[in-house]
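Summary of the model geometry
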Amino acid sequence: MAAHYLLPCQCGKKNEVDSSQAGLQVRCECGVQLSVPAMRGLAGLERVERSAEQTRAGAGGAWGRKQGLMFLGGVLVVGAALIALFFWSLFPHRPMIQFDFETLQRLSLEQSFAEWHELQKGVEIPEAEMHIAYYERVTNGLWQWEMVCAGFAALGATLIIVGLALPSNRLPTPRREAVRN
């Protein structure tokens, strides 16, 4: 971890810099551009002592509420999507009512016309109706699970949005400019 030092400005403010900024230029809040000394020069500056909590908050790998909410939201969205895909793969194909086309081709024109009128009234094939009723029962149950997955995905998306809206829990650092002496 980089050591932190206080670099004084002519306005009286002391700007916090770290050893990784040695040799670069930083800008003070008053607008003055300050040159950060090389590593040898940093040793002569006042060193900043940080508490363990400040060190954790400023560390790049530390997670706070923001990152935790976003991670949890992402897990919920991805998990719900995978479960929804699984249920979607279980959807059966709608049963087709099959007719005996060979028999239909042997009918005369009048008989075909009479069969057509019967088909318009509705086909009552107990086996087909049983398959269609089973299909509707299974798909209704699967759609309910799909809606539960959609709810969890919406909750996950909400957590991600809330996480993005939370303020960052990191300590502010001065701007770095890549200008070498």
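Just so we're clear, the structure is a prediction, and the values are computed from it rather than from any experiment. (Residues numbered from 1 in each chain as written. Predicted model: local features only at pLDDT ≥ 70, side-chain atom pairs only at ≥ 80, totals over all residues. Heavy atoms only, no water.)

Section: the overall build of the protein chain
Here is the rule we go by: Helix and strand definitions follow DSSP, with helices as H or I runs of at least four residues and strands as E runs of at least two, each counted in order from the N terminus. Partly exposed residues are those whose accessible area sits between 20% and 50% of the maximum for their type, while under 20% is buried and over 50% is exposed, using a 1.4 Å probe and protein chains only. Only heavy atoms matter for contacts: two residues are in contact if any of them lie within 4.5 Å across the pair.
Within the protein chain one finds 6 helices and 6 strands. Helices and strands in the protein chain line up, N terminus first, as β-β-β-β-α-β-α-α-α-α-α-β. Scored against the burial criterion, the 181 residues of the protein chain give a buried share of 20%. The contacts in the protein chain between residues at least 6 apart in sequence include a share of 65% that link residues at least 24 apart.

Section: the pairing of strand β1 (residues 4–8)
The condition that has to hold: Two strands pair under a simple rule: DSSP has to find at least two bridges between them.
Judged by how many residues are buried, β1 sits mostly within the fold: 4 of 5 residues are covered. Where β1 meets strand β2 (residues 14–18), 5 bridges bridge the pair, whose relative direction is antiparallel. When the bridges of β2 are listed, His 4 appears paired with Asp 18. Turn length for the β1-β2 hairpin, with the two strands adjacent in sequence and antiparallel, is 5 residues, and the turn residue Gly 12 shows positive phi of about 100°. Here 2 bridges tie β1 to strand β5 (residues 46–47), and the two strands are oriented antiparallel to one another. In the sheet register, Tyr 5 faces β5, and the bridge partner there is Arg 47.

Points about the packing of aromatic side chains
Each aromatic ring pair is characterised by the separation of its centres together with the angle its planes make. Note the following rule: Each Phe, Tyr or Trp ring (for Trp, its six-membered ring) is paired with any other whose centre lies within 6.5 Å, and the angle between the two planes then decides the class: stacked below 30 degrees, edge-to-face above 60, tilted in between.
Going through the model one piece at a time under the given rule, you end up with 2 aromatic pairs. Both rings, one in Phe 87 and one in Trp 145, keep their centres 5.6 Å apart while their planes meet at 15°; by these two values the pair is stacked. With Phe 87 in helix α3 (residues 65–89) and Trp 145 in helix α6 (residues 126–165), the pair connects residues that are 58 residues apart, well separated along the chain. Among the aromatic residues, ring-to-ring pairing joins Phe 86, Phe 87 and Trp 145 into one connected group.

With respect to a nonpolar patch on the surface
For clarity, the cut-off: Distance thresholds for patches are 9 Å for like charges and 5 Å for nonpolar side chains (Val, Leu, Ile, Met, Phe, Trp, Tyr), applied to residues having over 30% relative accessible area and no salt bridge. Accessible surface area values rest on a Shrake-Rupley calculation with a 1.4 Å probe, where residue burial reflects the displayed protein chains alone. Any Lys or Arg side-chain nitrogen located within 4 Å of an Asp or Glu carboxyl oxygen qualifies as a salt bridge.
Together, Val 78, Leu 82, Leu 85 and Trp 88 line one region of the surface with nonpolar side chains, adding up to about 470 Å² of accessible area. Mapped onto the elements of the fold, Val 78 is located in helix α3.

Here we look at the environment of Cys 28
When you line up the elements, Cys 28 lands in the loop between β3 (25–27) and β4 (33–35). Separated by 19 residues in sequence, Cys 28 and Cys 9 have C-alpha atoms that sit 7.2 Å apart. Leaving out residues up to four positions away in the same chain, Cys 28 has contacts with Cys 9, Cys 11, Lys 13, Asn 15 and Leu 34.

Concerning the pattern of salt bridges
One pass over the structure, following the stated rule, counts 1 salt bridge. One salt bridge connects Lys 14 with Glu 46, and the closest N-O pair in it is separated by 2.9 Å. Of this pair, Lys 14 sits in strand β2 while Glu 46 sits in strand β5; the two residues are 32 residues apart in sequence, bridging distant segments of the chain. In this structure Lys 14 comes out as partly exposed when scored by relative accessible area, which is 44%. Its relative accessible area of 43% is what places Glu 46 among the partly exposed residues.

Topic: the nonpolar core
To keep it simple, the criterion reads: To form a nonpolar core, buried Ala, Val, Leu, Ile, Met, Phe, Trp, Tyr and Cys residues must be joined to one another through side-chain atoms within 4.5 Å.
If you look at the biggest cluster of nonpolar residues, it comprises 12 residues: Ala 3, Tyr 5, Leu 7, Cys 9, Val 17, Ala 22, Val 26, Cys 28, Leu 34, Val 36, Leu 42 and Leu 45. In this structure Leu 42 touches Tyr 5, Val 17, Asp 18, Ser 19, Ala 22, Val 36 and Pro 37, once residues within four positions along its chain are discounted. Counting 6 residues, the second-largest nonpolar core is a separate cluster that includes Ala 80, Phe 87, Phe 91 and Leu 142.

Thoughts on the sheet that holds β1
Hydrogen bonds between backbone atoms are what pair the strands of a sheet, whose relative direction is either parallel or antiparallel. Spatial strand order, β2-β1-β5: 3 strands in an open sheet with antiparallel pairing. Because the sheet does not close on itself, it has two edges, and the strands there are β2 and β5.

Observations concerning the side chain of His 4
Convention followed: For the purposes of these results, a polar contact is taken to be a pair of N or O atoms within 3.5 Å, where, inside protein, one atom must be able to donate a hydrogen and its partner to accept one; residues adjacent in sequence count only when each atom of the pair is a side-chain atom.
Relative to the helices and strands, His 4 resides in strand β1. Residue His 4 is classed as buried on the basis of its relative accessible area, which comes to 16%. In terms of polar contacts, His 4 uses its side chain to reach the side chain of Glu 16, at 3.1 Å.

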